[in-house]
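# Summary of structural features
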Amino acid sequence: MAESSNSRSRTVVLLGKMGNGKSATANTLLGREAFESLHSLGSVTAACKLDTSVFDDGRILNVIDTPGLFDSYVESNAMAKEIAQWINLAKDGIHAVLFVLSLRNRFSEEEASAFEVLCHIFGAKIADYMIVVFSHGDALGKNATLDDYLAKNCPHQLTDTLKKCGNRTVVVNNWVEDEERLSKQREELLSLVETVVEVNGGNPYTNDLF
Ligand SMILES: Nc1nc2c(ncn2[C@@H]2O[C@H](COP(=O)(O)OP(=O)(O)OP(=O)(O)O)[C@@H](O)[C@H]2O)c(=O)[nH]1
Ligand SMILES: [Mg+2]
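All figures in this text were calculated on a predicted structure; none of them were measured in a lab.

Criteria and thresholds
Residues numbered from 1 in each chain as written. Chains lettered and ligands numbered in written order. Predicted model: local features only at pLDDT ≥ 70, side-chain atom pairs only at ≥ 80, totals over all residues. Heavy atoms only, no water. Donors = N, O, S within 2.8 Å, 3.2 Å for Na, K, Ca; no water. Helix = DSSP H or I, 4+ residues; strand = E, 2+ residues; numbered from the N terminus. Buried < 20%, exposed > 50% of the residue type's maximum accessible area, 1.4 Å probe, protein only. Axes fitted to C-alpha atoms, helices over the stretch in contact; angles between N-to-C directions. Parallel < 35°, antiparallel > 145°, perpendicular 65-115°, else oblique. Left-handed = near helix turned anticlockwise from the far one by under 90°. Contact = heavy atoms within 4.5 Å. Near = heavy atom within 4 Å. Areas by Shrake-Rupley, 256 points an atom, 1.4 Å probe, with all protein chains shown as cover. Nonpolar A, V, L, I, M, F, W, Y, C, P; charged D, E, K, R; others polar. Pairing = 2+ DSSP bridges. pLDDT = per-residue confidence, 0-100. Arc of directions from axis to C-beta.

### So, the coordination of the magnesium ion (ligand 2)
Only Ser23 (OG) and Thr45 (OG1) from the protein reach the magnesium ion (ligand 2) as donors, at distances of 2.0 to 2.1 Å. Of this pair, Ser23 sits in helix 1 (residues 22-30) while Thr45 sits in the loop between helix 1 and strand 2 (49-54), placing them 22 residues apart in sequence. Ser23 gets classed as buried once you look at its relative accessible area, which sits at 8%.

### Topic: the packing of helix 3 (residues 109-122) against helix 5 (residues 156-164)
Packed helix pairs are characterised by how far apart their axes lie and by the angle those axes make with each other. Where helix 3 contacts helix 5, the two axes come as close as 10 Å, and the packing angle between them is 25 degrees. The angle between the axes of helix 3 and helix 5 places the two elements in the roughly parallel class. As for how helix 3 packs across helix 5, the hand of that crossing is left-handed. Contact residues: helix 3 offers Glu109, Ala112, Phe115 and Glu116, while helix 5 offers Gln157, Thr161 and Lys164.

### Here we look at the site of ligand 1
Looking at ligand 1, there are 22 residues lining it, with Lys22, Val44, Thr45, Asp138 and Asn174 nearest. Relative to its unbound accessible surface of 650 Å², ligand 1 loses 91% to contact with the protein. Among the residues making up the shell around ligand 1, the classes are represented as six nonpolar, 13 polar and three charged.

### Some words on the pairing of strand 3 (residues 60-65)
In terms of burial, strand 3 is a largely internal element, six of the six residues being buried. Side-chain alternation along strand 3 places Ile60, Asn62 and Ile64 on one buried face and Leu61, Val63 and Asp65 on a second face that is also buried. As paired strands, strand 2 and strand 3 are joined by six bridges and run antiparallel to one another. Bridging across to strand 3, Ser53 finds its partner in Leu61. Here strand 2 hands over to strand 3 after five residues, with Gly58 in that stretch at a positive phi of 95 degrees.

### Quick word on the confidence of the model for the chain
Overall, the predicted model of the chain reaches an average pLDDT of 89, with 93% of residues at or above 70. Note that residues 1-5 has pLDDT below 50 and, in this model, 18 contacts with residues that lie over four places away or in other chains.

### A short note on helix 5
For helix 5, the set of buried residues is Gln157, Leu158, Thr161 and Leu162. All buried residues of helix 5 lie within an arc of 135 degrees about the axis, which places them on one face of the element. Exposed residues pointing more than 90 degrees away from the buried face of helix 5 are listed as His156 and Lys163. In this fold, the buried residues of helix 5 make contact with strand 4 (96-102), helix 3, strand 5 (130-135), helix 4 (146-152) and strand 6 (169-171). Downstream of helix 5 by a residue or two, Gly166 has a phi angle that is positive, lying close to 65 degrees.

Structure below.
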């Protein structure tokens, strides 16, 4: 169960295809190894799980990590039911949905369909709460930016997906161990979460929106 109602309390959920770095990004956000994140040929996270960090300045962050989404509507539908239950558990609602992609993988038709399946199951409104997180930021190289990367070769399905998410994007490198760099990335993510809160007039996402 999420921590008590509080304007300093935020709840986010991570969604995306298997192995894209959801659990690693969740750990970057929480500032500790709360969730299992592994190099693996198969799916690692088997069930939804919520964990909470309370930061030194009193902010509370609840993070819901989820298993990877599947390509098929039928399998995703079963998964979505479980995710929906967890969204219900977050009694203050969900402040932002982090749709996790990996800079190491091609943005395939399957990634685009995972996004469409989410919109179909949770309602198109969910896109208003989405931030597209590109994990594996280390793959960008030292001086390249996401804009450079997207300008070079961005499949139209990705352009469409980003547009539907209000072009809210962030790159995260979960491979960093330096605490200062990690906390800088955390703050960048959390400041985007605040943008989403503002965009939605302070109203978190709840299941009764669909
Ligand atoms: N180099 C690098 N590796 C990363 C990064 N983020 C995640 N990884 C690695 O990618 C692999 C998969 O990460 P996970 O966090 O387990 O991915 P997941 O989306 O939770 O996977 P499932 O639970 O199976 O859906 C692990 O080996 C992570 O260490 C990153 O930013 N850089
Ligand atoms: Mg995982």
